[in-house]
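Now for the letters of each chain:
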Amino acid sequence: MEYDRALRMEIMNGYLNDTRERFENINQSYFDNQIPDIMLRISDRLLSRIGYAHSNPLGIVLSYRYMDKYGWDVMDEVLKHEIAHIYAFHFHGERGHRGINFRSACEMMNVSPTARTNELFVDREKWHYRCRACGQTYSTYRPFSTVQYCDCGQKCDENMLIKITKDQMTLPLQEFRAHIRPKITVYKCTQCGREVRRYKRWSEKHSCAVCHPDEYNENCLMQLVK
């Protein structure tokens, strides 16, 4: 058992050295070494994700088991995808997969801005969303909380992403528009008029984040209007 653990640690250290070298090459080739030194880690406990980036401190974690099975043929794209997250957050404060600077970094490195499916370890229900304007579909292992919009145009009710079932992903666009309606919850601040659109109701009371950004205020609660 101790021998197996020692061998695994040796392999993980080798992967970590490779990751550090690849990060430095990518930083130099695409970002002119502007990205600061970040924490890199190979985890043998990472089962639900192939890898992820974190912001405090700046760093990237990659899955040892996925690396061991597929090698850099797959993990090179994963590493670049996570570096794009680091770049977008560090220089532009962007989080998630929809920021323009994140997508620009992915395009520059020729990798997908969509998170790669972890089919090796995860068998979880996906959430599906579809744009009424262009019909594009989005799938995720984590449901959206606030309403999201497709990038096919300016944010409006027409290109709002609608929560759908898997069967509704392939409906003809005209049939989809005619029969599938958005089911959203709308909250409004009675003081400043700010609206928050969500795919489901809050389980707790919330005060307005604009009127009281740093504290919960019982006198300025978001009111359910739809």
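Everything in this summary refers to the structure shown in the same document. Here the structure is a predicted model, which means the values were calculated and not measured. (Residues numbered from 1 in each chain as written. Predicted model: local features only at pLDDT ≥ 70, side-chain atom pairs only at ≥ 80, totals over all residues. Heavy atoms only, no water.)

Overview of the overall build of the protein
The cut-off we apply is this: Starting at the N terminus, helices and strands are each numbered in turn, a helix being any DSSP run of H or I of at least four residues and a strand any DSSP run of E of at least two. Relative accessibility thresholds used throughout: buried, under 20% of the residue-type maximum; exposed, over 50%; partly exposed, between the two (1.4 Å probe, protein chains only). For this analysis, residues touch if any pair of their heavy atoms sits within 4.5 Å. Per-residue accessibility takes into account occlusion by the displayed protein chains alone, with areas from the Shrake-Rupley method and a 1.4 Å probe. The positive count covers Lys and Arg only, the negative count covers Asp and Glu only, and His and the chain ends enter neither. Charge positions are represented by NZ for Lys, CZ for Arg, CG for Asp and CD for Glu.
Each helix and strand in the protein was counted, giving five helices and nine strands. From first element to last, N terminus to C terminus, the protein shows the α and β order α-β-β-β-α-α-α-β-β-β-α-β-β-β. Principal-axis analysis of the C-alpha atoms places the extent of the protein at approximately 60 × 45 × 40 Å. Each of the 226 residues in the protein was classed as buried or not, and the buried ones make up 37%. In the protein, once contacts between residues fewer than 6 apart in sequence are set aside, the share between residues at least 24 apart is 49%. Of the accessible surface of the protein, which amounts to about 14000 Å², a share of 45% is contributed by carbon and sulfur atoms. Put simply, the protein has 33 plus and 29 minus side-chain charges, and the middle of one group is 9 Å from the middle of the other.

Description of the sheet that holds strand β3 (residues 58-63)
Selection criterion: By this definition, two strands are paired if DSSP reports at least two bridges between them. Orientation is described by axes fitted as lines to C-alpha atoms, over the contacting stretch for helices, and by angles from 0 to 180 degrees between their N-to-C directions.
Taken together, the three strands give an open sheet; going across it, the order is β1-β3-β2, and neighbouring strands pair in mixed fashion. Each edge of the sheet is formed by a strand with only one pairing partner; in this case those strands are β1 (39-43) and β2 (51-55). Each neighbouring strand pair of the sheet contributes to a mean axis angle of 15°, computed without reference to strand direction. One ladder, built from five bridges, connects β2 with β3; its direction is antiparallel. Each residue of the ladder has a partner; that of Tyr52, found in β3, is Val61. Helix α3 (residues 72-92) rests against β2 and β3 of the sheet, and its axis sits at about 160° to β3.

Some thoughts on the pairing of strand β5 (residues 137-140)
Judged by which residues are buried, β5 turns out to be one-sided: Tyr138 and Thr140 face inward and are buried, whereas Thr137 and Ser139, on the alternate face, are not. As paired strands, strand β4 (residues 127-131) and β5 are joined by four bridges and run antiparallel to one another. Bridging from a neighbouring strand, Tyr129 pairs with Tyr138 of β5.

Observations concerning the sheet that holds strand β7 (residues 185-189)
Judged by pairing direction, the sheet is antiparallel, and its three strands sit side by side in the order β8-β7-β9 without closing on themselves. For this open sheet the edge positions go to β8 (195-198) and β9 (222-224), each flanked by a neighbour on one side alone. For this sheet, the mean angle separating the axes of adjacent strands, direction not counted, is 30°.

Some thoughts on the side chain of His85
Inspection of the secondary structure puts His85 in helix α3. Not counting the four nearest positions on each side in its chain, His85 is found in contact with Ala53, Gly96, His97 and Phe102.

Remarks on the side chain of Glu94
Going by this rule: Take a side-chain nitrogen of Lys or Arg and a carboxyl oxygen of Asp or Glu: if they are within 4 Å of each other, that pair is a salt bridge. We call two N or O atoms a polar contact when they sit within 3.5 Å, provided that within protein one can donate a hydrogen and the other can accept it, with sequence-adjacent residues counted only if both atoms are side-chain atoms.
Here Glu94 lies in the loop between α3 and α4 (100-109). No salt bridge is formed by the buried Glu94; its nearest oppositely charged neighbour, Arg103, is found at 8.3 Å. At 2.7 Å, the side chain of Glu94 forms a polar contact with the side chain of Asn101. If we skip the residues at most four places from it in the chain, Glu94 touches Ala88, Phe89, Gly99, Ile100, Asn101 and Phe102.

Side note on unusual backbone geometry
Residue Pro57 is bonded to the preceding Asn56 through a cis peptide linkage, with omega at 0°. Structurally, Pro57 is set in the loop between β2 and β3. Unlike most non-glycine residues, Asn110 shows phi in positive territory, near 60°. As for its placement among the helices and strands, Asn110 is situated in the loop between α4 and β4.

Describing the nonpolar core
The criterion, for reference: By nonpolar core we mean a set of buried residues, namely Ala, Val, Leu, Ile, Met, Phe, Trp, Tyr and Cys, connected to one another through side-chain atoms within 4.5 Å.
Within the largest apolar cluster, 30 residues are counted, with the highest numbers of intra-cluster contacts made by Ile38, Ile60, Leu62, Met75 and Ile83. When contributions to this core are tallied by element, the ones reaching two or more residues are α1 (2-31), β1, β3, α2 (64-70), α3 and α4. With nine residues, α3 is the largest single contributor of residues to this core. Here Met75 is in contact with Ile50, Leu62, Ser63, Tyr66 and Met67, once residues within four sequence places are set aside. The next biggest cluster of nonpolar side chains, apart from the first, holds 11 residues, and it includes Tyr129, Val147, Leu161 and Ile184.

Observations regarding the environment of Val186
Counting through the fold element by element, Val186 comes out in strand β7. Between the alpha carbons of Val186 and Ile38 there is a distance of 40 Å; along the sequence they are 148 residues apart. Setting aside chain neighbours within four positions, we find Val186 in contact with Glu195, Val196, Arg197, Gln223, Leu224, Val225 and Lys226.

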